[in-house]
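Overview (structure and organization)
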Amino acid sequence: MRASRRDFFGRVSGWLGAVALGGVGAHAAADTTKMQGAPVRAYGVRAAYEKAARWLVPSRYPTSTASFTPLAALHGTVTPSALHFERHHAGVPDIDPVAHRLLVHGLVDRPLAFTVEELGRFPVTQRQYFIECSGNTNTEWAGPRGADVQQTHGLMSCSEWCGVRLAEVLAECGVQPAAAWIVFEGADGAAMTRSLPLAKCLDDVLLAYAQNGEALRPEQGYPLRLIVPGWEGSTHVKWLRRAKVTAEPYYTREETAKYTDLMPDGRARSFSFVMEAKSVITTPSPGSTLVRGEHEIRGLAWSGRGRITRVEVSADGGASWQTAQLHGPVMPLCHTRFTLPWRWDGGPAVLASRATDETGYVQPTREALTAVRGVRSFYHYNAIQQWRVTASGTLENV
Amino acid sequence: MACGIAIALLASGATRAQAAPRGLGSVPHAADIAALDIAIGPRGDELPPGAGSVAEGAAIYAGRCAACHGANGHEGPDMKLVGGQGTLASAAPVLTIGSYWPYATTLFDYIRRAMPFTAPGSLEADDVYALTAFLLHANGIVAADTVLDRARLPTVRMPNRDGFVPDPRPDVP
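Residues numbered from 1 in each chain as written. Chains lettered and ligands numbered in written order. Predicted model: local features only at pLDDT ≥ 70, side-chain atom pairs only at ≥ 80, totals over all residues. Heavy atoms only, no water.

1. Some thoughts on the overall build of chain A
Across its full length, chain A carries 6 helices and 24 strands. The C-alpha radius of gyration computed for chain A amounts to 23 Å, which stays within 12% of the reference 21 Å derived for 398 residues, consistent with globular compactness. In terms of overall dimensions, chain A has C-alpha extents of about 75 × 55 × 40 Å along its principal axes. Summarising the internal contacts of chain A: among those between residues at least 6 apart in sequence, 70% fall at separations of at least 24. Separation of charge centres in chain A, based on 42 positive and 37 negative side chains, amounts to 5 Å. (Helix = DSSP H or I, 4+ residues; strand = E, 2+ residues; numbered from the N terminus. Rg over C-alpha atoms; globule rule 2.2 N^0.38 Å. Contact = heavy atoms within 4.5 Å. Lys, Arg positive; Asp, Glu negative; His and termini not counted. Charge placed at Lys NZ, Arg CZ, Asp CG, Glu CD.)

Okay, structure coming up:
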């Protein structure tokens, strides 16, 4: 039963005889000071007026597809868990956390199986990290294609993750000298499998059991997932059930047939893990309509190599740039929010942002990126994104 | 399983107590490890016993795979499995098992864990060897009379074995 906004307000005023205070048409305001509000409840929900939702890419297989985060509707740097993008290869499994085990074996002195409760007894690590699918923005290789920022950049989200450092758990098992890689496997219907270098695993990889203050959402890997800070999303294996320590990578389907980058010479890059620095303007962006006058340009920047140190914004398609304000704390491998005041006088404008990270890497133009990689590599597209403002104040991808 | 863990703990408890810093986790039974140890690397160490022929694979393919991948592996509607060799440097590259995949072991690994899509993990080892043989033959990689098993599969050399390079990024000036 879905009521339109007009129906809802009409009924409220009819039932309660509320007087509209300065309301206009369908948005007449009820006087909420003359009644009791809703009672307390055990688990909260957002306001009924808020409709931001993930965009489900059309697919014949709803369990092997993706949903995109509505970046233009969000604020700050944390993505609400319910709006975190999804990419599943065989749907979301229903896993009993008490029955679940993580098996660590292979080139270790002591193969061990851990319950989620036991992993929770290791020292906790909490950090805010972005996750970006390596296929994010892949529509743009061949030119402007995505309808809006949700379609172009929505395979990217950011959360506070809590878990145990994988290094702590590996120490419990005793990694042997011949070890160089770890093969991780999920408990979904695809038994999603990726190989990761041991050095990264010992550095900052997390076994995460919580996201934004509560247990992981099922679609984010409940009850246990890998967090591989700054690296492509498919390495963050969800529903993690197994870690086999090995001497070599296993060249699984998801690191050979997929998630490799085909270059113009016919060779392909493999184990291309890091997500390079990138930014995008989320406000204004296609879907909104500008009125003349004062605005604040807002967007997100992030880098898989560390901190964002600078974001520049252009209103003339890259002919000139102004440095935007970064809103701290600016954390490495995490969304950074940038803003810049801007006045639209009704004339032609092409909005763009360009990120620089702490390694000195500067986000490239599409022309520079495709000059090196061609247009067939599908993954790891991170070029500058442009929105053109039309005479009527709408925006379009150019 | 609980009994197995208890026995294993008795056997190895002394050394664990000395070396494991926190004493968390339980020692899994060897059979429980073996049941989960399904990832197959290029050396093929984890390949199970069994065998399958191209002819057997053709029959299984027709019944379990062709509806999604096409009668000959390249008609779709889903992933093309056959063809595409020589197209990788062209303007319209076709990425298939035969044109792109560097290791034949990956084929066994992926079919066994994830296919068929509507019943992942349902195929027996013999069936997976047979399907692997059929798809390699369809791509012109093995002969029509090939029988694959744990010894033979890792020796199959894929056409694009040397087609992959390390990640050179940052690469854009």
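Having seen the structure, we can now continue with the description.
2. Here we look at the environment of A:Leu300
Residues and elements named next belong to chain A. Tracing the backbone shows Leu300 in strand β17 (residues 293–302). The spacing of Leu300 and Thr336 is 36 residues in sequence and 5.6 Å in space, taken between C-alpha atoms. Leave out the neighbours within four places in its chain, and Leu300 touches Leu71, Gly76, Lys278, Ser279, Val280, Thr282, His335, Thr336, Arg337 and Phe338.

3. Details of the packing of helix α5 (residues 105–114) of chain B against helix α6 (residues 125–138) of chain B
Residues and elements named next belong to chain B. For the pair α5 and α6, interaxial distance at closest approach is 9 Å and the crossing angle is 130°. Judged by the angle between their axes, α5 and α6 are oblique. In terms of crossing hand, the pair formed by α5 and α6 is right-handed. Within the contact between the two elements, α5 uses Leu107, Phe108, Ile111 and Arg112 and α6 uses Ala125, Val128, Tyr129, Leu131, Thr132, Leu135 and Leu136. Grouping the constituent residues of the contact of α5 with α6 by class yields 9 nonpolar, 1 polar and 1 charged. (Axes fitted to C-alpha atoms, helices over the stretch in contact; angles between N-to-C directions. Parallel < 35°, antiparallel > 145°, perpendicular 65-115°, else oblique. Left-handed = near helix turned anticlockwise from the far one by under 90°. Nonpolar A, V, L, I, M, F, W, Y, C, P; charged D, E, K, R; others polar.)

4. Some details on the interface of chain A and chain B
Where the parts come together, the accessible area they lose is often given as the size of the interface. Taken together, the 63 residues of chain A in the interface contact 52 residues of chain B. Summed over both partners, the interface of chain A with chain B comes to about 4,800 Å²; 58% of that surface belongs to carbon and sulfur atoms. Looking only at chain A, the three residues that lose the most surface to chain B are A:Glu172, A:Tyr250 and A:Arg253, adding up to 13% of its buried area. Our enumeration of links across chain A and chain B arrives at 9 salt bridges. Residue B:Asp171 pairs with A:Arg373 through a salt bridge whose shortest N-O separation is 2.8 Å. When residues of the side of chain A that touches chain B are traced back to their parent elements, those giving at least two are β4 (102–106), β5 (112–114), α4 (166–173), β8 (181–186), β13 (240–246), β14 (261–262), β15 (268–269) and α6 (366–373) of chain A. Here the element with the most residues in the side of chain A that touches chain B is α6(A); it accounts for 4 residues. Here the side of chain A that touches chain B is built from residues that sort into 28 nonpolar, 13 polar and 22 charged. Here 2 bridges tie β15(A) to strand β3 (residues 164–165) of chain B, and the two strands are oriented parallel to one another. Along β3(B), the bridge assignment pairs A:Ala268 with B:Phe164. (Buried area = accessible area lost by both parts, 1.4 Å probe. Salt bridge = Lys/Arg side-chain N within 4 Å of Asp/Glu carboxyl O. Pairing = 2+ DSSP bridges.)

5. Observations concerning unusual backbone geometry
Cis geometry marks the peptide bond from A:Tyr222 to A:Pro223; its omega dihedral reads 10°. Mapping A:Pro223 onto the fold places it in the loop between β11 (214–215) and β12 (225–227). Here the bond from B:Gly76 into B:Pro77 is cis, since omega is 15°, no more than 30 degrees from zero. Relative to the elements of secondary structure, B:Pro77 occurs in the loop between α4 (66–69) and α5. Of note, A:Asn212 is a non-glycine position whose phi angle comes to about 55°, a positive value. Note on placement: A:Asn212 falls in the loop between β10 (206–211) and β11.

6. Description of the confidence of the model for chain B
It should be kept in mind that the predicted coordinates are not to be read in detail where pLDDT is low. Here chain B averages 91 in pLDDT, while 89% of its residues score no lower than 70. Here residues 1–17 of chain B scores under 50 on pLDDT; set against residues more than four positions off or in separate chains, the count is 14 contacts. (pLDDT = per-residue confidence, 0-100.)

7. As for the side chain of A:Glu118
Counting through the fold element by element, A:Glu118 comes out in helix α2 (residues 116–119). The buried charged residue A:Glu118 lacks any salt bridge partner; its closest oppositely charged side chain belongs to A:Arg121, at an N-O distance of 5.0 Å. Within the structure, A:Glu118 has its side chain in polar contact with the backbone nitrogen of A:Thr115 (distance 2.9 Å). Contacts of A:Glu118, omitting those with residues within four sequence positions, involve A:Ala113, B:Leu24 and B:Gly25. (Buried < 20%, exposed > 50% of the residue type's maximum accessible area, 1.4 Å probe, protein only. Polar contact = N/O pair within 3.5 Å; in protein donor to acceptor, adjacent residues only side chain to side chain.)

8. What about the packing of aromatic side chains?
The final tally for this structure, using the stated rule, is 14 aromatic pairs over all chains. Between A:Phe378 and A:Tyr379, the ring centres sit 4.8 Å apart and the planes meet at 80°, which makes this aromatic pair edge-to-face. In this structure A:Phe378 comes out as partly exposed when scored by relative accessible area, which is 40%. Assessed through its relative accessible area of 9%, A:Tyr379 is described here as buried. Measuring from centroid to centroid gives 5.1 Å for B:Tyr61 and B:Phe134, while their planes differ by 40°, and the two rings are tilted. (Phe/Tyr/Trp six-rings, centres within 6.5 Å; stacked < 30°, edge-to-face > 60°.)

9. Thoughts on the sheet that holds strand β2 (residues 66–68) of chain A
As summarised here, the arrangement of the 3 strands in space is β1-β2-β3 (chain A), forming an open sheet in which the pairing is antiparallel. Strands with a single pairing partner mark the edges of an open sheet, and in this sheet they are β1 (55–56) and β3 (86–87) of chain A.

10. Section: the state of the cysteines
Tallied over the entire structure, the rule returns 0 disulfides over all chains. There is no disulfide at A:Cys133, and the cysteine sulfur nearest it, in A:Cys158, is 16 Å away. Using a relative accessible area of 8% as the deciding quantity, one classes A:Cys133 as buried. B:Cys65 takes part in no disulfide bond, and the closest cysteine sulfur, belonging to B:Cys68, lies 8.7 Å away. (Disulfide = S-S within 2.5 Å.)

11. Re the pattern of salt bridges
Counted by the stated rule, this structure contains 33 salt bridges over all chains. The salt bridge partner of A:Arg373 is A:Glu276, with a shortest N-O separation of 3.0 Å. Here A:Arg373 is found in helix α6, whereas its partner A:Glu276 is found in the loop between β15 and β16 (278–283), with 97 residues between them in sequence. The class of A:Arg373 is buried, set by a relative accessible area of 2%. Judged by relative accessible area, which is 3%, A:Glu276 ranks as buried. Sharing partners across several salt bridges, the network here consists of A:Glu185, A:Arg241, A:Arg242, A:Lys244, B:Asp37, B:Glu46, B:Asp109 and B:Arg113.

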